[in-house]
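Listed here are the chains, written in short residue letters.
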Amino acid sequence: MSQLGLRMTYDDPPKGRKGRSTILPILGSLAALGIVALMAIVGIRALAGGPNDFTGDGTGSVTVVINPGDSIRQMGRALANAGVIATSDAFVSAAASDSRAQSIAPGTYKLRSGMSAASAISLLLDPTSRDVKRLVIPEGWRADRILATASKVTGIPLDELKASFSHASDLGLPAYAKGNAEGFLFPATYELAPKATADDVIQAMITRFNKEADSINLESSAASAGLTPLQAVTMASILEVETPPAVYAKGARVLYNRLDRNMRLQLDSTVNYALGTQDLQLTAEQLNVDSPYNTYKHKGLPPGPINSPGDAALQAVLNPAKGTWLYFLTTDPATQTTEFANTYDEFLALKRKYQANVG
């Protein structure tokens, strides 16, 4: 068979031309044009709509946790991973246009699937979207009542809260509290995560106390007043139940004046604490109870707080009113009218007024 033509393939260049010199440049040019066109399309889309984003307010319910210290981008990733928003870039972009995004607090949130990033930011700023348990502790509550209320609100067994209370020294309790957290569960409103533990609850209250103590310079201010920090908190706890807020500063002055004169404080509130009661009038037998908290029998302050005082009472102890009063008495319990006296005879007159008001 003839070998002629075996080299005549479609790759062989015509005589006098170099192979592949015309087709490859054309293909390269077409590819380059395609890349340019694609980039132009992407650029136009980016300019028109920015990062991929959902539209609308979303549907259903999704729980997302925003951790303390999360950046805007970290928040966006958490939301995108949960299907709340399309991309973290969309969230970053929306946050750049809404300065309120910097106020998003850590916590557990109930959001929706398929939300626009802007809608997600609005919902994260809505207090009703936070999945929290709100624990409200008023001023003047004793620890036993605080723990019982915390158990009811959170569902945490009371025994677990009591156990955490007993080892509060491991949860930030100041050393000057001497291991007893009574008086250091600061009265405030707490937003607790659904899975908060007993330690979390007690630690939150103590942390709030420590923050308050720092803000009012409790330790140095107490020293300037001739008190230890524990004594200052103890005096404030007495004011919480002995006088209304309007006269805290005058009540504090009475305590100082009696202590300066080495007089017994003779406070029903401390005896009630020793007895575990809250009686308005105490019997002679009750007033004779053998307890270091019985300020009718023992001079000076009791060994520790009798409840959790708030900011106003603490401030009154550190900034008492000026005066020479040695007595105070709530002469009309119905209106919480509290009056002050300099002498025992004046006090007896106030006592008669009280007896007339209560019948």
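Description of the structure in this document. (Residues numbered from 1 in each chain as written. Predicted model: local features only at pLDDT ≥ 70, side-chain atom pairs only at ≥ 80, totals over all residues. Heavy atoms only, no water.)

## Brief notes about the packing of aromatic side chains
Each aromatic ring pair is summarised here by two numbers: the centre-to-centre distance and the angle between the ring planes. Applying the stated rule across the entire model yields 8 aromatic pairs. Centre to centre, the rings of Tyr176 and Phe184 are 6.1 Å apart; their planes meet at 55°, and the pair counts as tilted. By relative accessible area, which is 0% here, Phe184 ends up buried. Members of the aromatic cluster, joined through ring pairs, are Tyr176, Phe184 and Phe209. (Phe/Tyr/Trp six-rings, centres within 6.5 Å; stacked < 30°, edge-to-face > 60°. Buried < 20%, exposed > 50% of the residue type's maximum accessible area, 1.4 Å probe, protein only.)

## Some points on the layout of surface pockets
Approximately 1,400 Å³ is the volume found for the largest pocket. Looking at the largest pocket, it is lined by 44 residues, and the ones nearest its centre are Val241, Glu242, Asp268, Ser269 and Leu280. Those elements that provide at least two residues to the lining of the largest pocket are helix H9 (229-242), helix H10 (248-260), helix H11 (268-275), strand E5 (327-332) and helix H14 (344-358). Looking at the lining of the largest pocket, the element that brings in the most residues is H14, giving 7 residues. Across the lining of the largest pocket, the residue classes tally to 23 nonpolar, 12 polar and 9 charged. (1 Å grid on protein atoms, 1.4 Å probe; cavity = no way out; pocket = protein on both sides within 12 Å on 5 of 7 lines; lining within 4 Å. Points joined across faces, edges and corners; volume = space filled by probe spheres on them. Helix = DSSP H or I, 4+ residues; strand = E, 2+ residues; numbered from the N terminus. Nonpolar A, V, L, I, M, F, W, Y, C, P; charged D, E, K, R; others polar.)

## Describing H11
For an α-helix, 3.6 residues make a turn, and residues three or four places apart therefore share a direction. Those residues of H11 that fall on the buried side of the exposure criterion are Ser269, Thr270, Val271, Asn272 and Tyr273. Of the surrounding secondary structure, the elements contacted by the buried residues of H11 are H9 and helix H12 (284-287). (Contact = heavy atoms within 4.5 Å.)

## Overview of unusual backbone geometry
Positive phi is not limited to glycine here, since Lys178 has a value of about 60°. For Gln266, which is not a glycine, the phi torsion comes out positive at approximately 50°. Locating Gln266 in the fold gives a position in the loop between H10 and H11.

## Some thoughts on the environment of Ala222
Within the fold, Ala222 resides in helix H8 (residues 218-224). Measuring from C-alpha to C-alpha, the distance between Ala222 and Ala232 comes to 6.2 Å, with 10 residues separating the pair along the chain. Setting aside chain neighbours within four positions, we find Ala222 in contact with Leu227, Thr228, Pro229, Ala232 and Leu318.

## Quick look at the packing of H9 against helix H13 (residues 311-318)
Between two packed helices, what matters for the description is the angle formed by their axes and the separation of those axes. The geometry of H9 relative to H13 is characterised by a closest axis approach of 8 Å and an angle of 120° between their N-to-C directions. It follows that H9 is oblique to H13 by the angle criterion. Every pair of crossing elements has a handedness; the one defined by H9 and H13 is right-handed. Residue-level contacts link Ala232, Val233, Met235, Ala236, Leu239 and Glu240 of H9 to Ala313, Leu314, Ala316 and Val317 of H13. (Axes fitted to C-alpha atoms, helices over the stretch in contact; angles between N-to-C directions. Parallel < 35°, antiparallel > 145°, perpendicular 65-115°, else oblique. Left-handed = near helix turned anticlockwise from the far one by under 90°.)

## Comments concerning the packing of helix H2 (residues 72-81) against helix H3 (residues 88-96)
Remark: H2 packs on H3, axes separated minimally by 8 Å, with the N-to-C direction vectors making an angle of 135°. Taken together, the axis directions place H2 and H3 in an arrangement best described as oblique. Considering the relative orientation of H2 and H3, their crossing is right-handed. Residue-level inspection shows Ile72, Arg73, Met75, Gly76, Arg77, Leu79 and Ala80 of H2 in contact with H3, the latter providing Ser88, Asp89, Phe91, Val92 and Ala95. Within the contact of H2 with H3, the residues separate by chemical class into 7 nonpolar, 2 polar and 3 charged.

## Details of the nonpolar core
Among the nonpolar cores identified, the biggest contains 62 residues, and Leu185 and Leu218 are the most heavily contacted of them. Counting residues per element, the ones that place at least two in this core are helix H5 (143-154), helix H6 (158-166), strand E4 (189-192), helix H7 (198-215), H8, H9, H10 and H13. Apart from the residues within four sequence positions on either side, Leu185 is in contact with Ala143, Ile146, Leu147, Phe165, Ile202, Met205, Ile206 and Ser308. Listed in part, the 22 residues of the second largest apolar core include Leu79, Val84, Phe91 and Tyr109. (Core = buried A, V, L, I, M, F, W, Y, C linked by side-chain atoms within 4.5 Å.)

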